[in-house]
Amino acid sequence: MNHNSPAEVRAELDRLTVEPKKRWGQNFMVNPRTRRKLIETLEIGDGETVWEIGPGLGALTTELVPRCARLILFEIDYGLIRHLGGEFGDHAHVDIVAGDFLRTWQQAKDDHGAPHRIVGNLPYRSASAIIAALVEHGALPAHAVFTVQKELADRIVAPAGSRNYSSFSVLCQCLSEVRSHGELAPGTFYPAPEVTSTVIGLRPGGAARRVRNRDVLFALIRASFQARRKTLRNNLLAQGGFGLSKADLLDAVEAAGVDAGSRAEELSPATVVRLANALVGSGAAVPPQAPLGAPEEEEGEPESK
Ligand code: SAM
């Protein structure tokens, strides 16, 4: 099919009896230049395995098939999965994993091995949860390139002290190198979404190798951004102080060279990691918690079968 033609995309969706669903972010990329730019940005090397999250009707997939040694497609919509099976089922190096990526990716990693690259025009509503899952589990490959809502991208790349700097910025920047690759107008997609999109790239990096205990780091990020206007001291104490006495907690903050009267939005990712490590050194311990990029609403079971 011609992925550049909104009319053909519409006709194929009608043939599959798939009505584009907002909650699964079903906006299909109809701009060939943008698709090529995304694939170039991914920098696929010889012999590499690529994961595509949300292939939809296969607009990016068509470009990926000849460029990868293995291609794993993760799609939630069974109507689209039928289409993908028809289009790409004959390629021995392509596999389709059906279901919600958040529930399938870890098993897929066990079954097919870790990817070298991940790409996807992500569904807007679960983009932060998908990125958080990969970052928190240390599962980012050499390069991940995603299209996300501009506002989410702005949070991911926001520098410390800026208006958009949030717990999600800290999480992403503590554990990866992030970069914006430019904005996409709504007309890049059919149906056109109501928002502007941004292409972002994530590579392993940041202070990831210096993190002594990821659960303490995540708990620190969560606790320190709990109330943005509160001081670090008050936020940490309000969240239980990591099982430390008040004196030990404040000693650890001081040992990390951090002012307990500062606010989380002033702390750079490197400082947050240093503070988390100081807390670990003082005996802080926390139980594992829900991911920081929790979805805005629960994903349901696949709809169109
Ligand atoms: N890649 C296609 C393109 O660019 O034309 C479609 C992109 S569309 C923005 C998002 C795709 O992700 C849809 O095909 C949707 O069904 C799929 N999707 C939504 N939520 C998903 C999830 N949790 N797991 C896997 N796929 C999902």
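Residue numbers restart at each chain and count upward from 1, following the sequence in its written direction. Whole-chain, interface and lining totals are the exception, using all residues; otherwise, since this is a predicted model, local features are given only for residues with pLDDT of at least 70 and side-chain atom pairs are given and counted only at 80 or more. Computation of side-chain values: all heavy atoms of the structure, hydrogens and water removed.

Undergrad: Sorry, what's going on with the sheet that holds strand β6 (residues 143-149) here?
TA: Hydrogen bonding along the main chain pairs the strands of a sheet, whether they run parallel or antiparallel. In space, the seven strands of this open sheet follow the order β4-β3-β2-β5-β6-β9-β7, with mixed pairing throughout. If you trace the sheet from one side to the other, it starts and ends with β4 (94-98) and β7 (176-184), each paired once. The average undirected angle you get between the axes of adjacent strands in this sheet is 20°. The sheet contact formed by β6 and strand β9 (residues 197-204) spans six bridges and is antiparallel. Looking at the pairing, T147 lines up with V199 of β9. At least two bridges found by DSSP between two strands are what make those strands a pair. Comment: elements are numbered from the N terminus, with helices defined as DSSP H or I runs of at least four residues and strands as E runs of at least two. Simply put, an axis is a line fit to the C-alpha atoms, just over the touching stretch for a helix, and the angle between two N-to-C directions goes from 0 to 180 degrees.

Undergrad: Even after reading the chapter, I still don't get the packing of helix α7 (residues 150-157) against helix α8 (residues 167-175), so can you show me in this structure?
TA: The description of two packed helices rests on the angle between their axes and on the distance between the axes. At a minimum axis distance of 7 Å, the contact between α7 and α8 shows a crossing angle of 60°. Judged by the angle between their axes, α7 and α8 are oblique. In this structure, α7 crosses over α8, and the sense of that crossing is right-handed. Contact with α7, carried on its side by L152, R155, I156 and V157, involves F168, S169, C172 and Q173 of α8 and no other residues of that element. Split into classes, the residues belonging to the contact of α7 with α8 amount to five nonpolar, two polar and one charged. Should an angle lie under 35 degrees it is considered roughly parallel, over 145 roughly antiparallel, and from 65 to 115 roughly perpendicular; all remaining angles are considered oblique. Left-handed describes a crossing in which the near helix is turned anticlockwise from the far one by less than a right angle; the clockwise case is right-handed. Contact between two residues is taken to exist if any of their heavy atoms lie within 4.5 Å; hydrogens are not considered. Polar here means any residue other than Ala, Val, Leu, Ile, Met, Phe, Trp, Tyr, Cys and Pro, which are nonpolar, and Asp, Glu, Lys and Arg, which are charged; Gly is therefore polar.

Undergrad: Which parts of the structure should I look at to understand the site of the ligand?
TA: Nearness is judged by heavy atoms alone; a residue qualifies as near a molecule or strand once a single heavy atom is within 4 Å of it. Around the ligand, the surrounding shell holds 21 residues, and the nearest of these are Q26, M29, G54, E75 and N121. Polar contact is defined as a pair of N or O atoms within 3.5 Å, subject to the rule that within protein one atom must be able to donate a hydrogen and the other to accept it, and that residues adjacent in sequence are counted only when both atoms are side-chain atoms. Here an oxygen atom of the ligand and a backbone polar atom of G56 are 3.4 Å apart. N121 is positioned with one of its side-chain polar atoms (N or O) 2.6 Å from an oxygen atom of the ligand. Protein chains bury 99% of the 590 Å² of accessible surface belonging to the ligand in isolation. Using a grid of 1 Å spacing that covers the protein atoms alone, one calls a set of points a cavity when a 1.4 Å probe fits there but cannot get out, and a pocket when the set is open and has protein on both sides within 12 Å along at least five of seven lines; lining residues are those with an atom within 4 Å of a point. Throughout, a molecule is located in a cavity or pocket provided that more than half of its atoms lie within 2 Å of its grid points. Among the detected pockets, the ligand sits in the largest cavity. Looking at the shell around the ligand, the elements that each hand over two or more residues are β1 (28-29) and β3 (70-75). Class assignment of the residues belonging to the shell around the ligand gives a composition of ten nonpolar, seven polar and four charged. Shrake-Rupley sampling with a 1.4 Å probe provides the accessible areas, and residues are treated as covered by the protein chains on show and by no other component.

Undergrad: Explain the packing of helix α9 (residues 214-224) against helix α12 (residues 269-281) here, please?
TA: Interhelical geometry of α9 versus α12 gives an angle of 120° and a closest axis separation of 9 Å. Regarding the angle of α9 to α12, the classification is oblique. As α9 runs across α12, the sense of the crossing is right-handed. Residues V216, L217, L220 and I221 of α9 lie in contact with α12, whose contacting residues are V272, V273, L275, A276, L279 and V280.

Undergrad: How should I be thinking about empty space enclosed by the protein in this particular structure?
TA: Leftover empty space is mapped by rolling, across the atoms, a probe with the size of a water molecule. Grid points are joined across faces, edges and corners, and a volume is the space filled by probe spheres set on the points. On inspection of all chains with the given rule, the structure shows four cavities of 30 Å³ or more. Of the pockets and cavities examined, the largest cavity occupies roughly 380 Å³. In terms of lining, the largest cavity is formed by 28 residues, of which the most central are W24, G54, E75, N121 and P123. Of all elements in the fold, only β1, β2 (49-53), α3 (59-64) and β3 reach the threshold of two or more residues within the lining of the largest cavity. Considering only residue class, the lining of the largest cavity consists of 15 nonpolar, nine polar and four charged.

Undergrad: Explain the nonpolar core to me, please; I cannot follow it from the model alone.
TA: Soluble, globular proteins show a tendency: their nonpolar side chains are buried together. I131, L134, F146, V148, L217, F242 and L279 are the most contacted members of the largest nonpolar core, which has 65 residues in total. Residues contacting V148, with those up to four places away along its chain left out, are L122, Y124, A127, I131, A153, T196, S197, T198 and I200. Put simply, buried Ala, Val, Leu, Ile, Met, Phe, Trp, Tyr and Cys residues joined by side-chain atoms within 4.5 Å make one nonpolar core. Here the term buried applies to any residue with accessible area under 20% of the maximum for its type, exposed to any over 50%, and partly exposed to those in between, with areas from a 1.4 Å probe on protein chains only. Core analysis: the next-biggest nonpolar cluster, separate from the first, contains 20 residues, V65, L73, V94 and F189 among them.

Undergrad: Teacher, can you tell me more about α8 here?
TA: Counting along an α-helix, one turn takes 3.6 residues, and residues three or four places apart therefore face a common direction. Within α8, eight of the nine residues are buried, which leaves it mostly tucked inside the rest of the structure. Residues of α8 that are buried: F168, S169, V170, L171, C172, Q173, C174 and L175. Its buried side turned inward, α8 meets α6 (127-136), α7, β7, β9, α9 and α12.

Undergrad: How should the environment of L80 be read in this particular structure?
TA: Here L80 lies in helix α4 (residues 78-88). Relative accessible area serves as the criterion here: at 1%, L80 is assigned to the buried category. A C-alpha to C-alpha distance of 49 Å links L80 and T231, two positions 151 residues apart in sequence. The contact partners of L80, leaving out residues within four places of it in the chain, are L13, L16, V18, Q26, F28, G56, L57 and E75.

Undergrad: Looking at this model, I keep getting lost on the environment of V216. Mind explaining?
TA: Here V216 is to be found in helix α9. Separated by 63 residues in sequence, V216 and L279 have C-alpha atoms that sit 7.8 Å apart. Each residue touching V216, except ones within four places of it in the same chain, is listed here: F242, A276, L279, V280, A284, A285 and V286.

Undergrad: What's the story with the pairing of β4 in this structure? I'm lost.
TA: The two faces of the sheet receive side chains in turn, since in a regular strand these alternate between them. For β3 and β4, the ladder comprises five bridges, and the chain directions are parallel. Residue pairing in the sheet places E75 in a bridge with A98 of β4.

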